[in-house]
Amino acid sequence: MQHDQRATLIHMANQIAANLQSSDDAAAGVRAHLEKFWARSMKERLIGCLDDADCDLSPIARQAVEQMAEQRRQAS
């Protein structure tokens, strides 16, 4: 079940990235959307999958999630 939930989150993040890909800073837009509308647990699950081989985030979505992860590292 957890894998299915993670796959769904990855799919949703990739859809957001696809919708924002033509903006000037698409990764920042994706990150802002995730920060504003997604639950903390959803964001943490995405951050947790960054190092996994099956984490198929698009380049824009990956950059946004990496930015969130970096922000959390700096805050702690």
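Within every chain, residues take consecutive numbers counted from 1 along the sequence as written. The model is predicted, so local features are restricted to residues of pLDDT at least 70 and side-chain atom pairs to those at 80 or more, both for listing and for counting; the totals for chains, interfaces and linings are taken over all residues. Hydrogens and water molecules were not included; the side-chain quantities draw on all heavy atoms of the structure.

**With respect to the overall build of the protein**
Stage number 1. Numbered from the N terminus, helices here are DSSP runs of H or I no shorter than four residues, and strands are runs of E no shorter than two. The helix and strand inventory of the protein stands at four helices and zero strands.
Stage number 2. Along the protein, helices and strands appear, N-terminal first, in the series α-α-α-α.
Stage number 3. Computed over C-alpha atoms, the radius of gyration of the protein comes to 12 Å, within 12% of the 11 Å expected from 2.2 N^0.38 for 76 residues, which places it in the range of a compact globule.
Stage number 4. Referenced to the eigenvectors of the C-alpha coordinate spread, the extents of the protein come out at roughly 35 × 30 × 25 Å.
Stage number 5. We call two residues in contact when some of their heavy atoms are within 4.5 Å. For the protein, the share of sequence-separated contacts (at least 6 apart) that also reach a separation of at least 24 residues comes to 68%.
Stage number 6. Areas reported as accessible are Shrake-Rupley estimates using a 1.4 Å probe. Residue values count occlusion only from the protein chains shown. A total accessible area of about 4,800 Å² is found for the protein, and carbon and sulfur atoms account for 49% of it. C-alpha atoms define the radius of gyration, and 2.2 Å times the number of residues to the power 0.38 defines the globule rule.

**Thoughts on the environment of V30**
Stage number 1. Mapping V30 onto the fold places it in helix 2 (residues 26-37).
Stage number 2. For V30, the contacting residues outside a window of four places in its chain are I16, A17, L20, I60 and A64.

**A few points about the environment of S23**
Stage number 1. Position of S23 among the secondary structure elements: in the loop between helix 1 (2-20) and helix 2.
Stage number 2. Only protein chains enter the accessibility calculation, which uses a 1.4 Å probe. A residue is then buried if its area is under 20% of the maximum for its type, exposed if over 50%, and partly exposed in between. Taking relative accessible area as the criterion, S23 reaches 34% and is therefore assigned partly exposed.
Stage number 3. In this structure the side chain of S23 is engaged in a polar contact, spanning 2.7 Å, whose partner is the backbone oxygen of L20. Contacts described as polar in this section are N or O atom pairs within 3.5 Å, which, within protein, must combine one atom able to donate a hydrogen with one able to accept it, while residues neighboring in sequence count only if both atoms come from side chains.

Coordinates in, geometry out; function isn't part of it.
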